[in-house]
Amino acid sequence: MKKQPIGVFDSGLGGLTILKALRRQLPHEDLIYFGDTANVPYGSKSKAAVTKFSLAIARFLQSQEVKLIIVACNTASAQALAELRREMDVPVMGVIEPGAQKAAKVTRNGRIAVLGTEGTVRSKAYPKAILKRAPRAAVLQQACPLFVPLAEESWGQKPAARLIAREYLEPVQKSGADTVILGCTHYPLLKPVIASILGKKVTLVDSADTLAEAAQQFLASRRQLETGGKGRVRLYASDDPARFKHLAQRLLAEPIGAVRLKKLDL
Ligand code: DGL
């Protein structure tokens, strides 16, 4: 079981921010990443659609004999995690719990803002997870739908990104939140612009490192941690693998092999 890979998926590029953290934390593990480029964005789709895509990807990953599936997508974690856990034979981890846990720990004034897709905001998964840990916290949610295409197009540093971010972040600034969760795995790609608008007093939380640590502990507790050799990464995309490869290469900053095309059985 140790030698089996870990499966990771997202609607597109965003989950690569999680993959990077997993590479750092678990350098010996083989990782399989699936970017659902045919169906991105998930954030504006219904729960039924996101669940259908997530189940199809998880089934594919399971067919690759993964030992663990990591849902590197907040929208899918918020809307499909329970269903995935019911349907899959392997354990499934999502990104909401680690992010909520970290935010509840680092906030000093108990005011936490969550930036996410429309689907994540609608599910209220973050407020629920935060209030379980910090019942007196005030949680504001802000949907930022335009952040995903900006990240997918590598437009994070352009003036348009700043203009849009200023608009989305105004209510967050007014709320006095000292902690802001980047509740979509695409948003760390816009971290510099978000951080420069919110300023140094606001802590930005993304789930990547916390999730990677949780995955390590989980595998260690099951004696499934790979401890030797250099882990390999295999990438799949459901559409236009060449474009995905080009963007992924830049983001991961390490040579990646071919990105394989895998159409989903929906
Ligand atoms: N990266 C995903 C998330 O964390 C989804 C973005 C999208 O496809 O809308 O929510």
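Summarised in this report is the structure supplied together with it.

What counts and how
- Residues numbered from 1 in each chain as written.
- Predicted model: local features only at pLDDT ≥ 70, side-chain atom pairs only at ≥ 80, totals over all residues.
- Heavy atoms only, no water.
- 1 Å grid on protein atoms, 1.4 Å probe; cavity = no way out; pocket = protein on both sides within 12 Å on 5 of 7 lines; lining within 4 Å.
- Points joined across faces, edges and corners; volume = space filled by probe spheres on them.
- Nonpolar A, V, L, I, M, F, W, Y, C, P; charged D, E, K, R; others polar.
- Phe/Tyr/Trp six-rings, centres within 6.5 Å; stacked < 30°, edge-to-face > 60°.
- Lys NZ or Arg CZ within 6 Å of the ring centre and 35° of its normal.
- Core = buried A, V, L, I, M, F, W, Y, C linked by side-chain atoms within 4.5 Å.
- Buried < 20%, exposed > 50% of the residue type's maximum accessible area, 1.4 Å probe, protein only.
- Contact = heavy atoms within 4.5 Å.
- Pairing = 2+ DSSP bridges.
- Helix = DSSP H or I, 4+ residues; strand = E, 2+ residues; numbered from the N terminus.
- Axes fitted to C-alpha atoms, helices over the stretch in contact; angles between N-to-C directions.

## Comments concerning empty space enclosed by the protein
(1) Moving on: Throughout the structure, instances matching the rule amount to one cavity of 30 Å³ or more.
(2) Moving on: The residue makeup of the lining of the largest cavity, split by class, is five nonpolar, four polar and one charged.

## Re the packing of aromatic side chains
(1) Moving on: In the structure shown here, the tally under the stated rule is six aromatic pairs.
(2) Moving on: Here the basic side chain of Lys-158 rests over the ring of Trp-155, its NZ or CZ set 4.8 Å away from the ring centre.

## A few points about the nonpolar core
(1) Moving on: One finds Ile-6, Val-8, Leu-16, Ile-18, Leu-22, Ile-70 and Phe-244 to be the most contacted residues of the largest nonpolar core, which totals 31 residues.
(2) Moving on: In contact with Ile-70, other than residues within four places in its own chain, are Ile-6, Gly-7, Val-8, Phe-9, Ile-18, Leu-22, Met-93, Leu-211 and Ala-215.
(3) Moving on: Leu-55, Ile-69, Leu-81 and Leu-264 belong to the second-largest nonpolar core, a separate cluster that totals 26 residues.

## Side note on the sheet that holds strand E6 (residues 138-143)
The pairing of strands in a sheet happens through backbone hydrogen bonds and is either parallel or antiparallel.
(1) Moving on: Here four strands make up an open sheet; going across it, the order is E6-E5-E7-E8 and the pairing parallel. Every other strand in the sheet has two partners, leaving E6 and strand E8 (203-205) as the edge strands with one partner each. Across the sheet, the mean angle from the axis of one strand to that of its neighbour is 20°, orientation sign disregarded.
(2) Moving on: Bridge analysis of strand E5 (residues 111-116) against strand E7 (residues 179-183) gives five bridges, and the strand direction is parallel. Looking across to E7, one finds that Leu-115 is bridged to Leu-182.
(3) Moving on: Its contacts with the sheet place helix H8 (residues 159-175) against E5, E6 and E7, and it is angled at close to 170° to E6.

## A word on the environment of Gly-183
(1) Moving on: Tracing the backbone shows Gly-183 in strand E7.
(2) Moving on: Remark: the alpha-carbon pair of Gly-183 and Asp-206, spanning 23 residues in sequence, is separated by 7.0 Å.
(3) Moving on: When neighbours within four sequence positions are excluded, Gly-183 is seen to be in contact with Asn-74, Leu-115, Gly-116, Thr-120 and Tyr-126.

## Concerning the sheet that holds strand E2 (residues 31-35)
(1) Moving on: The six strands are arranged E4-E3-E1-E2-E9-E10 in an open sheet whose pairing can be described as parallel. The open sheet terminates on both sides in strands that have one partner only, identified here as strand E4 (92-93) and strand E10 (259-261).
(2) Moving on: Of the strand pairs in this sheet, strand E9 (residues 233-237) and E10 are connected by three bridges, and their pairing is parallel. Residue pairing for E10: Tyr-236 is matched across the bridge by Arg-260.
(3) Moving on: Against the sheet, helix H1 (residues 16-25) engages strand E1 (6-10), E2, strand E3 (68-71) and E9, with an angle of about 175° to E2.

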